[in-house]
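# Tertiary structure, described
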Amino acid sequence: MGTTLADVLSLDQEDGRTFRGHSPVPSPPRVFGGQLVAQALAAAGRTVPTGRRPHSLHAHFLRPGDTALPLTYEVDDVHDGGALTLRHVVAVQGDRSLFRLMASFGEPRPGPSHELPSPVPRAFEAVPAAEAGLAGAEPSTRRWAAGLRAVIPLDLRFPALPPRDAVIRGERPAPRQRILVRAADPLPDDPLLHACAIAYASDLLLLSTAMLPHGLVMGDPGVHAVSLGHSVWFHAAARADDWLDDEMESEWAGDGRALCHGRLRDAQGRLVATVAQEGSLRTARA
């Protein structure tokens, strides 16, 4: 059995502000961006006062990481105020900084509340398991989904055929896609752990959304697509081992970059988290 998401998020504390993390087994050679985000948030969260939960993070990817090597997370106490705690985290392998994250934590406070209704019905129970949902997909799409599930400790379902399937058939779909996602194994009752798991899932497939209208998919020869900056705003506490609906879109691409957004909602339709990501997107012919 492979590494669970809870295992990935369980860091070894080397001293009061330094933590060590490991990659899932099996795993691709390059560290998944969502793993860096989630483990850095977990390290930061281990240093904040009890009762303060994450409400935002802002990260920058600097260099690729090697999954065969451990990751060290160094936490700096930026601010400890009456309402807000800020932490800065650097992910290091050897003498190389791979990633930087700024995370803010606070306690829930009363105030005005509103939320735009979602246009997407959330009948999660009607969405078939991944294998059945992809029965009509191209063979390469089914292999792609199986490969994802083998190395990412997340359970995925597709309300419709993934748009990459349309790309493989020669179409150029709009830069939007939707998945259902949850931790593949039950998680302990720790709100920080569930927030970290949501952060882990928030990076999945997001940048690939910008590739769709250009007839490209991840792994195409000559395509350079990597995350540059990643932000998550947490709106409501939710269990990451229950299904979350992740709607992704890319409003813009140009100048060798792309901007993508994701919105994760629970089965009740509550907006759990909003995600923004800028990535590098270039092709050999561009």
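In short, a report on the structure. Just so it is clear, the model here is predicted, and its values are computed rather than measured.

## Some thoughts on the overall build of the chain
- A tally of helices and strands in the chain yields 6 helices and 12 strands.
- The C-alpha radius of gyration computed for the chain amounts to 18 Å, which stays within 12% of the reference 19 Å derived for 286 residues, consistent with globular compactness.
- If one aligns the C-alpha atoms of the chain with their principal axes, the spans along those axes are about 55 × 45 × 40 Å.
- Relative to its 286 residues, the chain shows a buried fraction of 51%.
- Excluding contacts between residues fewer than 6 apart, the proportion of contacts in the chain whose partners are at least 24 apart in sequence is 72%.
- For the chain, the accessible surface area stands at approximately 13300 Å², while carbon and sulfur atoms represent 54% of it.
- Of note, the chain has its 29 positive side-chain charges centred 4 Å away from the centre of its 33 negative side-chain charges.

## Quick look at the pattern of salt bridges
- The final tally for this structure, using the stated rule, is 18 salt bridges.
- With its nearest N and O atoms 2.8 Å apart, the salt bridge here joins Asp 77 to Arg 17. Highlighted residues: Asp 77 in strand S4 (residues 71-80) and Arg 17 in the loop between strand S1 (12-15) and strand S2 (18-21), separated in sequence by 60 residues.
- Take Asp 77: its relative accessible area is 34%, and that puts it in the partly exposed class.
- For Arg 17, a relative accessible area of 32% puts it in the partly exposed group.
- When salt bridges that share partners are traced, they join Arg 17, Asp 77, Asp 80 and Arg 87 into one network.

## Focus: helix H2 (residues 33-45)
- Its 13 residues give H2 an end-to-end C-alpha distance of 18 Å, which sits within 8% of 18 Å, the value for a rise of 1.5 Å per residue.
- Along H2, 13 of the 13 residues are buried, which leaves the element largely enclosed by surrounding structure.

## Some details on the layout of surface pockets
- Estimated volume of the largest pocket: approximately 1000 Å³.
- Lining the largest pocket are 39 residues; nearest its centre among them are Arg 30, Phe 32, Gly 33, Met 218 and Ala 225.
- Breaking the lining of the largest pocket down by element, the ones donating at least two residues are H2, helix H4 (139-151) and strand S9 (223-234).
- With 6 residues, S9 is the single largest residue contributor to the lining of the largest pocket.

## Details of the nonpolar core
- Counting 74 residues, the largest nonpolar core has Leu 5, Leu 57, Tyr 73, Phe 99, Leu 101 and Leu 154 as its most contacted members.
- Looking at which element gives the most residues to this core, the answer is helix H6 (residues 191-202), with 9 residues.
- Ignoring sequence-local partners within four residues, the contact set of Tyr 73 consists of Arg 17, Thr 18, Phe 19, Gly 21, Gln 35, Leu 36, Gln 39, Ala 40, Ala 43, Val 89, Val 90 and Ala 91.

## Comments concerning the packing of aromatic side chains
- Throughout the structure, instances matching the rule amount to 3 aromatic pairs.
- A ring pair is formed by Phe 61 and Phe 99, whose centres lie 5.2 Å apart and whose planes are at 55°; its orientation type is tilted. Here Phe 61, found in strand S3 (residues 53-61), pairs with Phe 99, found in strand S6 (residues 96-106); they are 38 residues apart in sequence, far enough to count as distant.
- Residue classification places Phe 99 among the buried residues on the basis of a relative accessible area of 0%.
- A centroid spacing of 6.0 Å and a plane angle of 45° characterise the contact between Trp 144 and Phe 158, whose relative ring orientation is tilted. With Trp 144 in helix H4 and Phe 158 in the loop between strand S7 (154-157) and helix H5 (163-168), this residue pair connects regions lying 14 residues apart in the sequence.

## Some points on the environment of Arg 149
- Positionally, Arg 149 belongs in helix H4.
- Judged by its relative accessible area of 28%, Arg 149 is partly exposed.
- Sequence separation of Arg 149 and Val 181 is 32 residues, and the distance between their C-alpha atoms is 11 Å.
- The residues contacting Arg 149, other than those within four sequence positions of it, are Ala 130 and Glu 131.

## A word on H4
- Over its 13 residues, H4 runs 19 Å from end to end, which matches the ideal 18 Å to within 8%, given 1.5 Å per residue.
- Every buried residue of H4 is listed here: Thr 141, Trp 144, Ala 145 and Leu 148. Along the long axis of H4, the arc covered by the buried residues comes to 95°, so they all point the same way.

## Some remarks on the environment of Gly 256
- Mapped onto the fold, Gly 256 is located in the loop between strand S10 (244-254) and strand S11 (257-265).
- C-alpha of Gly 256 to C-alpha of Leu 71: the two residues are 185 residues apart in sequence and 29 Å apart in space.
- With sequence-adjacent residues up to four places away left out, Gly 256 is seen in contact with Gly 279, Ser 280, Leu 281 and Arg 282.

## Looking at the sheet that holds S9
- Taken in spatial order, the 12 strands make up an open sheet running S1-S2-S4-S5-S6-S3-S9-S12-S11-S10-S8-S7, and their pairing is antiparallel. If you trace the sheet from one side to the other, it starts and ends with S1 and S7, each paired once. Ignoring which end each strand starts from, the neighbouring axes of this sheet average 25° apart.
- Pairing of S1 with S2, which is carried by 3 bridges, proceeds in the antiparallel orientation. Among the inter-strand pairings, Asp 15 is bridged to a residue of S2, identified as Thr 18.
- Sitting on the sheet, H6 is in contact with S3, S6, S7, strand S8 (176-183), S9, S10 and strand S12 (271-283), with an inclination near 150° to S9.

Here is what the cut-offs are and how they apply
Residues numbered from 1 in each chain as written. Predicted model: local features only at pLDDT ≥ 70, side-chain atom pairs only at ≥ 80, totals over all residues. Heavy atoms only, no water. Helix = DSSP H or I, 4+ residues; strand = E, 2+ residues; numbered from the N terminus. Rg over C-alpha atoms; globule rule 2.2 N^0.38 Å. Buried < 20%, exposed > 50% of the residue type's maximum accessible area, 1.4 Å probe, protein only. Contact = heavy atoms within 4.5 Å. Areas by Shrake-Rupley, 256 points an atom, 1.4 Å probe, with all protein chains shown as cover. Lys, Arg positive; Asp, Glu negative; His and termini not counted. Charge placed at Lys NZ, Arg CZ, Asp CG, Glu CD. Salt bridge = Lys/Arg side-chain N within 4 Å of Asp/Glu carboxyl O. Expected span 1.5 Å × (residues − 1). 1 Å grid on protein atoms, 1.4 Å probe; cavity = no way out; pocket = protein on both sides within 12 Å on 5 of 7 lines; lining within 4 Å. Points joined across faces, edges and corners; volume = space filled by probe spheres on them. Core = buried A, V, L, I, M, F, W, Y, C linked by side-chain atoms within 4.5 Å. Phe/Tyr/Trp six-rings, centres within 6.5 Å; stacked < 30°, edge-to-face > 60°. Arc of directions from axis to C-beta. Pairing = 2+ DSSP bridges. Axes fitted to C-alpha atoms, helices over the stretch in contact; angles between N-to-C directions.

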